[in-house]
Structures are given as C-alpha cells and as structure tokens.
Amino acid sequence: MSLAALLSGIATYCAITQSTTLTDKTHTVLPFIYLDLTLLLLLAVIIAKRLVELWLERRRGLMGAKLHVHIVALFSLVAVTPAICVVVFSALFFNVGEKTWFGQPVRDALDEGRVVAEAYLKEHKKTIKIDAHALVGKLRPQMAFFIENPQALSQALNEETDQGELGEILVFNGNSQVIARSYLTFSLELEKILYTDFEKVRAGEIVVKESDDRVRALIRLDPLTDTYLFVGKLIDPDVLQHISRTQGAIQDYVRLVAQHSGIQITFIAFFSLVALLLLLAAIWVGLTFANVLVRPISRLITAAEAVSQGNLSIKIEEEPLGNELDNLTQSFNRMTYRLQQQNQALILSQRKAAWADVARKIAHEIKNPLTPIQLSAERLKRRYLKEITSDPETFQACVDTIVRQVSHIGNLVNEFSSFARMPEPKIESVDIVELCQQALFLQRQPWPSLEFTYHTPGTPVIFDCDAQQLSQVLTNLLQNAINAVTESGKDETGKVSLKVEVQDDHLLITVEDNGPGFPKNGRDRLLEPYYTTRTKGTGLGLAIVSKIVSDHNGHMQLNDSELGGASIELAFPFQNRDK
C-alpha cells in the first residue's frame, strides 16, 4: 500500500512538471490528487490499526511498548516538521506570486501589448482601404473600355502591382466571373469573403480581412458595369503570430483570473498531500524501525527483570542486527553467565566452609580414639595369638582387619584435617611451564604404557601463585585422569593431555583424557566435598582443587574432551609481563 501511494505521488509530480500551463495542470493534477488521497486514506487506516494495537500493548504494560511509541512519535515529528514548513511557505509564496501574476501591472502590460498589436494590424487595414479607394479612382473611368479589353485591364493591374505595395489585384463581376487579375493572384480567399460579406460590398461597404501573412480588401469597383475589386497586401508574419499569441495569453489570463482561487486550493492541497504522505511514511518507517530496535531491547528488559528476581540462568537469543545492540546482547549473556558462575562459587564456598567445619570436628572427635584402638589390637595379637589354640587363624584375621580399617580411618581423618586446615596461599613468581612439566614428569614415570602429551607456549610464563598448592592441583588432576583411563580398561590406549596457554588476560591450564568422561547429570556437584562417582574415591580431590583455584582468584570448568573423555579447564587472571 505504501509503495502504491509512493508511485501515485511520483505520477502526480510528473503530471505537474509536464503540463505547460496552469490551467492544464489544474485539470491534469486533480485526478492524481484524488487517487493519492484514496491510497493515503487506506494507508492511514492500516497505520491507525497498528497504532491502536501499540496503544493497547502499552496499556497492558508490555515491555518496550513505551519506547516503541516514543520512537514512532520522534520519527513522525522529525519528518512532518519540515513538510509543514514547506506547506506553509509554499502557500505564502503562492499567495504572493498570485497577487503578482494577477495584479494590475500584468493586466496593463497584456492590454498594452494587445493594443500595440491591434494598432499595427489596424494601420495595415487602413492603408489597404486607402490603396483600394485610390485604385478604384483610377480604374472606374476606364471600366467600359476595360470590359471590352480584358487584356488591357490585366496589363494595368500588373503595372499597379509593380508600382505599389499591393501584392494581389483581381477584378470580377457580379456573377463572380473573374475579368482580370495581376500575375498569379488566386481567388480562394476571395471566395470566403464573397460567401460571408458580399452583400455588404453590394451595399457599398468595403470589407477588410486578415489571414496568414496578409490583409485583403473587397470593394465595389463600378456600379454601371457591376464590377468589384479584390486587393491583398503582405504584412509581417511575426506580427500576426505575436497578435495571435497575445490574444491567446489574454484569454488564458482571463480564465485564470476566474479560476485562481481553485488553483490556489489545488496547489495547497497538493503540498498538504505531500506533507501527509511524509507523515504516514515516517510513521510506517518508525513502526518498522521500532520493531527492529525494540524487539532486542524488550528481550533485554524481560531478561533483566528475571535476573533481578534471581534467575541467573536466563540467556537472550542473539539476533544479528549489525549494530551495537548485538554487543549489548552478547555482553548481557556474558554478564549473566559470570554472575551465575560467581553465584555458584559463593554457594560452593559456603558449602566448603561448612564441610571444613564438619571435617575439623570429625577429625578432632575420631582421631583421638584411633591410636588406642590400633595399639590395643596390635597388643592383643602379639600377646594372645600363641595362647589361642582354637581357630587362631580367625583371631589373626580379625585383628588384622581392625588394624587395617583403623589405618584407613586414619587416612580419611588426615584428609579431613588437610581439607579443614587448607592454608592461605603464599604467593611468589613461578614459571608455570616448568611447574607443569615437573608435575607431568612425576606422573608419567609409573605409567609408561599411557600416552602423555604436553602443549606449552614455548617460552616461560611467569605467574604469581603458591607453587606447592598449584603443584598439588596439577597432581590431583593428572592422577584423576590416569585413574579414569586405567579404571576404564584403557591401559594400552589411554591418553592424558596437559595444555598451558595464554589468551588475552587469562592463563588457561587444561587437563584432558580419553576415559569415560564426566556424567551429564550432577556434574557441578563433583566440586562439592565428599561427592564422588568413583567407588574408590573420597570426594575430596576435586573439592581441594576447586578451593585452591578459588583462592588464586581462578575459575574451574568441567567439560567434555575432544579426546572422548573428560576435560578440566583452569582459568586464572593473568598479566603478561612481556608486553
């Protein structure tokens, strides 16, 4: 619909520019204006329907509705203000111009031009009358002779043509029979005069007519012989054309004087139509642009509201627009992701603190009686084993079981104590490449059948950290990877990879394997203390690693490896000292 309105407006413009006169423009442009109004009314109905829908959305409080309205209003105001100014100034200009065009000076100039042209023609008519009367005075006394001698009359007419300014001379009788003529004088124009004004000539009047490039006169020559004289005289054709144009201009001027009010209304209506077209086009463009702009903003508002209510897992669908809104959407998604990670790290820290307090109490309550139990069992074995004669093997097995389980409980208590008494890191500058290489070397020696790979930047990477704690982290991760590979039966095809890389302002350490990988469900709980999916695990290894990484302001991510197993990525804030 908007395209049809635009094409109609272009057609209207062409009609205005191609018409020659104002009168022609009025009659030609009006149908196009009516068509423009019809199309614009239909477009206005469509836009009004959309605006009503937008108003209802605003009443319902939908996100982005107010912004939508503001954008449409701004577009409309920016577009229609210049159009209104053009309409006002055009109307004023047309009004002033109309007063100039239809003023008294223009009327006087046209009248004076008409008077001058008519005076020129009147002078020629007067002159040809004088010449005709003079020629009648010469020929009338000899007409009886000339009637008998037409050749003599023709000779006399030729002599008059040669001597005077008359270009045509013809003598005929009352029966319209030509008696004599000068040279090649034709009688076509004579027949027209005879047909309309011959009775006046019979009555004694002289009839003068102008046509083409000359004036002609018809006069009675001799009543006795019933003869008549027809003479013609050349005049300047430019003067005749000027007279014709002047008369046409005067006629157009008279019509315009009568129609100037309608013309003024037509032009004002046209400019108003253009302003309305611009307004509707601006509203339509505003609606379209607002749809594109407000849609991602509405999603951002909705997502921000969800975040304010505690939903940090929300993610905005990215719709490429090729502008800064794409960056805003990406930044929002990164923000919510980091907030979610930080929130989880707060939760994990609280759980770790609670578990550390529990571990401290368990270690204190359990560790004290373990040593007496173990010593008592060993003493029973040494003193009474020889005295027991009935089933001594069972006695020894039971005592060994007590000692072994007490030892196992002691190891658990030691791990509890280590987790509870995790010291604050002692920061020093360390070459992380060399530290990783040493940790990998210690794990590679007992497992020659496994394939170990190591990727480094190739140059030293100096990182501020607690070397002992970070070494413990690497040892735990590598040992977990080795356990995952070997427990899955891949002793001969097992792969363990360690990678160190620097990306922008982060140091990344990645340990991967081709074992069974992490479970899909409950993966994040692997970082909680005492939660494990291994039958022989204590659930403290990854928890200790996570706490050390957190103490170094780092972040730990559990992923799936391209090798087919598990991947653990450690990310630490890093500033490259070589820059």
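This write-up is about the structure you can find in this document. All values reported here derive from a predicted model rather than from experimental measurement. (Residues numbered from 1 in each chain as written. Predicted model: local features only at pLDDT ≥ 70, side-chain atom pairs only at ≥ 80, totals over all residues. Heavy atoms only, no water.)

Here we take up the packing of helix α11 (residues 432–444) against helix α12 (residues 467–487). Geometrically, a packed helix pair is captured by the angle between its two axes and the distance between the axes. Following both chains from N to C, one finds α11 and α12 inclined at 40°, their axes separated by 9 Å at the closest point. One finds that α11 runs oblique with respect to α12. Note that α11 runs across α12; the crossing there is right-handed. When α11 is examined against α12, the residues Ile432, Leu435, Cys436, Ala439, Leu440 and Gln443 are found in contact with a partner set consisting of Ala467, Leu470, Ser471, Leu474, Thr475, Leu478, Gln479 and Ile482. (Axes fitted to C-alpha atoms, helices over the stretch in contact; angles between N-to-C directions. Helix = DSSP H or I, 4+ residues; strand = E, 2+ residues; numbered from the N terminus. Parallel < 35°, antiparallel > 145°, perpendicular 65-115°, else oblique. Left-handed = near helix turned anticlockwise from the far one by under 90°. Contact = heavy atoms within 4.5 Å.)

On the surface, Val52, Trp55 and Leu56 cluster together to form a nonpolar patch covering roughly 280 Å² of accessible area. Within the element layout of this structure, leucine 56 appears in helix α2 (residues 22–59). (Patch = residues over 30% accessible without salt bridge, like charges linked within 9 Å, V, L, I, M, F, W, Y side chains within 5 Å. Areas by Shrake-Rupley, 256 points an atom, 1.4 Å probe, with all protein chains shown as cover. Salt bridge = Lys/Arg side-chain N within 4 Å of Asp/Glu carboxyl O.)

Here we come to the sheet that holds strand β5 (residues 227–234). Sheet architecture is open: five strands sit in the order β2-β1-β5-β4-β3, paired in antiparallel fashion. Only two strands of the sheet have a single neighbouring strand rather than two, namely β2 (178–181) and β3 (207–211). Taken pair by pair, the neighbouring strands of this sheet meet at an average axis angle of 20°, ignoring direction. Two elements, strand β4 (residues 214–222) and β5, share eight bridges in a ladder whose sense is antiparallel. Considered in β5, the bridge of isoleucine 219 is made with leucine 229. (Pairing = 2+ DSSP bridges.)

What follows covers the pattern of salt bridges. In total, this model carries six salt bridges according to the counting rule given. Here arginine 216 ties to glutamate 168 by a salt bridge, and the two come within 2.9 Å at their closest N and O atoms. Placement of the pair is arginine 216 in strand β4 and glutamate 168 in strand β1 (residues 166–173), with a sequence separation of 48 residues. Side by side, arginine 216 and glutamate 168 carry an identical accessibility label, which is buried. Note that lysine 381 and aspartate 400 form a salt bridge whose closest N and O atoms lie 3.0 Å from each other. With lysine 381 in helix α9 (residues 324–384) and aspartate 400 in helix α10 (residues 392–420), the pair connects residues that are 19 residues apart, well separated along the chain. (Buried < 20%, exposed > 50% of the residue type's maximum accessible area, 1.4 Å probe, protein only.)

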